[in-house]
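# Architecture and fold: a report
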Amino acid sequence: MPEGARIVPRLQKHEEAISLWRYEGPYAFYNAAEPCRALRPDEPAEADAFAWVDAGGAVLGHVSYGPDGRIPTVEGYPYSEDCLDMGLGLRPDLCGRGLGEAFIALCLRFGEERYGADRFRLSVAAFNARAVRAYQRAGFSIECEVTNSVSRNTFYIMTGARAGA
């Protein structure tokens, strides 16, 4: 875990930085269609959106909670309120370096403290075996397989409980 790293409310400048991230190979699926430009850099992005930043303010990852952590599905997956949904991502150059588990644990603790959640749900592209393994090591299990109605990719809906729940 990088020293001094912390989760902060996601600002427009963080959104701009994230939109410039470029993943390689099949992970390019996660690339933003086009970069965004922060017209008001220090304005908040969304209420339930956060950035994981290092001591210098560089974005290492991002996490969103609630409806922003959900994907639209062809099957009409029934998102229940018994889990807090979250969507997260790690900066491309940090992927595969063993930071995933610690980042997931940090996001779970943050969600627990901020929202009082003890059960979590996330969606992950089924081809992303690296992320699926990290989520499983963090205590998540695959609940079902769905089709993203926008990208038409297969996703797993995964659920897990916070530590000690």
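This is a predicted model, so every value here is computed, not measured.

This part is about the confidence of the model for the chain. Looking at the chain, the pLDDT average stands at 92 and 98% of residues meet or exceed 70. The lowest-confidence element of the chain is helix 3 (residues 129-137), averaging 93 in pLDDT; the highest-confidence one is strand 6 (residues 141-147), averaging 97.

When the charged atoms of two side chains lie near each other, side chains of opposite charge can form a pair. If you walk through the whole model with that rule in mind, you get 8 salt bridges. Ionic pairing is found between D85 and R70, a salt bridge with its closest N-O pair at 2.7 Å. Remark: R70 occurs in the loop between strand 3 (59-65) and strand 4 (84-90) and D85 occurs in strand 4; sequence separation between them is 15 residues. For D85, a relative accessible area of 1% gives the class buried. Judged by relative accessible area, R70 falls into the partly exposed class, the value being 25%.

Criteria and thresholds
Residues numbered from 1 in each chain as written. Predicted model: local features only at pLDDT ≥ 70, side-chain atom pairs only at ≥ 80, totals over all residues. Heavy atoms only, no water. pLDDT = per-residue confidence, 0-100. Helix = DSSP H or I, 4+ residues; strand = E, 2+ residues; numbered from the N terminus. Salt bridge = Lys/Arg side-chain N within 4 Å of Asp/Glu carboxyl O. Buried < 20%, exposed > 50% of the residue type's maximum accessible area, 1.4 Å probe, protein only.

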